[in-house]
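Observations on the model geometry
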Amino acid sequence: MNPLIVFSCIVGCLLPFSAQADEVHSDSFRIDGRLSGVPDGAAIRLKKIKGSLLVTVQTDTVRNGRFHLADTLTGGAQNFCLTTDIKKAPNSWLDVWVAPGKHVTISGQGVCHPMWHVESDVPEQAYEARKLAAMLPEEQQFLFLLGEENECMMELYRHQNADKGRAARLRQQIDSLSALVDPLEKVRMSKLIDFLGVMPVSEPWLRDYTLLVKDLDGEEATTAARIRALYTCLPDSIRHTDRGRTLKAYIELPPPLRVGDDYVDGDLYDTQGGLHHLSEFEGRYLLLDFWSQGCGPCLRAIPELQTLQEQYADSLTVVSLSEDPKDLWQEYVSANALGGVQWNELRPDGTGLRGRYGVTGIPHFVLISPAGKLLESWSGYGKGVLNGKLAPHLRP
């Protein structure tokens, strides 16, 4: 089915509705949703970004096309990410801005939740609506293909060991979808940069710009230069804050290390707060594992990492470098009794080792020689890949 036709139908059916909402207290917010084409029982989750994690704060299930979310809130407007577990939904979220005392309504048809319509008088939500309009029609096509790709990946995970033939066909389908997604992603990126260039700096503007500068290393030179140029839009009142200085640090990061370069060290902390450095393992092979508990492939890699540490115990040390906030990281390590070297930079940005080793996606692995040279650097996890990378360099 043509993605444009599908999403034209979706957008055409996004009719705002007027709900007879109960009074919203001044220290809380309420979200009411009315959907069609969404199965009863589908989970609707409201999440907050905390470090590299999306932490669920409220959940409801769709009943007769309705859902309701509410919570207490103090201060100014805040951004939440609305996600679903609907089959073929894209692995993305809908930005929803709420504020104390405000009622928000969401309406939509079909499984593509990032295209649902959000109606409220929170000023930041108007920014999101203008951004979406500026990125059409590529955003529609991109999200449709992303949903198809996500479903194929879930199927592959379920069948990769049980049905080799089906797994091979799913990989081919994923490759075909990726070939369609990649050029759309470039157009979307260009449109977003154009949009930020004409919009006044605001809280959602800063949020979008921060996401762009965090992945500068993964962009083509021309695109990266355009992203850096947007820094001139920031007024001095923001440049001279910690937030502004962090953005500048991202922009000025030196090129990431390449194979053959000397390794880079940094301040790292264990779960008890003790300070450590990679130099403690000089003379041994080091396998750095950049990970997060919110990353499925990261968690699936843990058993193999433990096996490799035992297999190459005489010559290799696996250093797990979590990107999660301190409290959530400590809790996860303790609850799951994770052994080995569990460290964290405990910094709110990626301008440390993550930036120096060119980590733009996790899990990311870096193999360092006993002489301190970078031997391998790669992202992603598949069963057996780690051992395949290590075997040419180490012997059990």
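Being a predicted model, the structure only gives us computed values, none of them experimental.

**Points about the nonpolar core**
Counting residues in hydrophobic clusters, the biggest one holds 23 residues, and the most contacted among them are Leu 196, Trp 205, Tyr 209, Leu 212, Val 213 and Ile 227. At the level of secondary structure, the elements contributing two or more residues to this core comprise α2 (123-135), α4 (164-198), α5 (203-214), α6 (221-229) and α8 (242-251). Among the nonpolar cores identified, the runner-up in size contains 22 residues, and Leu 35, Ala 42, Ile 44 and Val 118 belong to it.

**Brief notes about the pairing of strand β12 (residues 316-322)**
Most of β12 is tucked away: seven of the seven residues are buried. In β12, alternate side chains face the same way, and those of Leu 316, Val 318, Ser 320 and Ser 322 on one face and Thr 317, Val 319 and Leu 321 on the other are all buried. Two strands pair when backbone bridges link them, and strand β11 (residues 285-291) and β12 are joined in this way by seven bridges, in the parallel orientation. Across the sheet, the residue bridging to Leu 288 is Val 319, located in β12. What joins β11 to β12 is helix α9 (residues 296-311), and the crossover it makes is right-handed. Here β12 runs beside strand β13 (residues 341-344); their pairing, made up of four bridges, is parallel. Residue pairing for β13: Ser 322 is matched across the bridge by Asn 344. With helix α10 (residues 326-335) bridging β12 and its parallel neighbour β13, the resulting β-α-β unit is right-handed.

**With respect to the pattern of salt bridges**
Enumeration according to the criterion identifies 20 salt bridges in this entry. In this structure, Asp 327 and Lys 50 form a salt bridge, with 3.1 Å as the shortest nitrogen-oxygen distance. On the criterion of sequence distance, the pair formed by Asp 327 in helix α10 and Lys 50 in strand β2 (residues 43-50) is long-range, its members being 277 residues apart. Looking at Lys 50, the relative accessible area reads 36%, which means it is partly exposed. Close ionic contact of Lys 191 with Glu 138 constitutes a salt bridge, the shortest N to O distance being 2.7 Å. One end of the pair, Lys 191, is in helix α4; the other, Glu 138, is in helix α3 (residues 138-159), and 53 residues separate them in sequence. Assessed through its relative accessible area of 23%, Lys 191 is described here as partly exposed. The exposure class assigned to Glu 138 is buried, which follows from its relative accessible area of 16%. What you see here is one network of salt bridges that share partners, running through Glu 128, Lys 131 and Asp 208.

**So, the environment of Ala 134**
With respect to the secondary-structure elements, Ala 134 resides in helix α2. According to the relative accessible area criterion, Ala 134 is partly exposed, its value standing at 32%. The spacing of Ala 134 and Leu 192 is 58 residues in sequence and 7.7 Å in space, taken between C-alpha atoms. Setting aside residues up to four positions removed in sequence, Ala 134 forms contacts with Lys 191 and Phe 195.

**Quick notes on the layout of surface pockets**
Approximately 270 Å³ is the volume attributed to the second largest pocket. Residue lining of the second largest pocket: 17 residues in total, with Leu 216, Asp 217, Arg 228, Leu 253 and Pro 256 positioned closest to the centre. Counting only elements with at least two residues in the lining of the second largest pocket, the list comes to α5, α6 and α11 (353-356). Its residues assigned to classes, the lining of the second largest pocket shows nine nonpolar, four polar and four charged.

**Considerations on the confidence of the model for the chain**
Taken as a whole, the chain shows an average pLDDT of 90; of its residues, 94% reach a score of 70 or greater. The low-confidence segment residues 1-21 (pLDDT under 50) makes 41 contacts with residues lying over four places distant or belonging to another chain.

Parameters at a glance
- Once a new chain begins, its residue numbering starts again from 1 and follows that chain's sequence as written.
- Side-chain atom pairs in this predicted model are given and counted only at pLDDT of 80 or more, local residue features only at pLDDT of at least 70, and totals for whole chains, interfaces and linings cover all residues.
- Processing note: side-chain calculations cover all non-hydrogen atoms of the structure and skip hydrogens and water entirely.
- To define a nonpolar core, start from buried Ala, Val, Leu, Ile, Met, Phe, Trp, Tyr and Cys residues and group those joined through side-chain atoms within 4.5 Å.
- Categorising residues by exposure relies on relative accessible area from a 1.4 Å probe, with only protein chains included: less than 20% of the type maximum marks a residue as buried, more than 50% marks it as exposed, and the intermediate range marks it as partly exposed.
- Every helix listed is a DSSP run of H or I at least four residues long, and every strand listed is a run of E at least two residues long, numbered separately from the N terminus.
- Two strands qualify as a pair provided that DSSP identifies no fewer than 2 bridges between them.
- Orient the strands so they point away from the viewer, and a crossover whose first-strand-to-second-strand path over the helix runs clockwise is right-handed.
- A pair is scored as a salt bridge if a Lys or Arg side-chain nitrogen falls within 4 Å of a carboxyl oxygen belonging to Asp or Glu.
- For this analysis, residues touch if any pair of their heavy atoms sits within 4.5 Å.
- Buriedness of a pocket was judged along seven lines, with at least five required to meet protein on both sides within 12 Å; pockets are open sets of points on a 1 Å grid over the protein atoms alone, cavities are sets where a 1.4 Å probe fits but cannot get out, and lining residues have an atom within 4 Å of a point.
- Grid points are joined across faces, edges and corners, and a volume is the space filled by probe spheres set on the points.
- In this count, Pro and Cys sit with the nonpolar residues alongside Ala, Val, Leu, Ile, Met, Phe, Trp and Tyr, while Asp, Glu, Lys and Arg are called charged and the others, Gly among them, polar.
- pLDDT expresses, on a scale from 0 to 100, how confident the predictor is about each individual residue.

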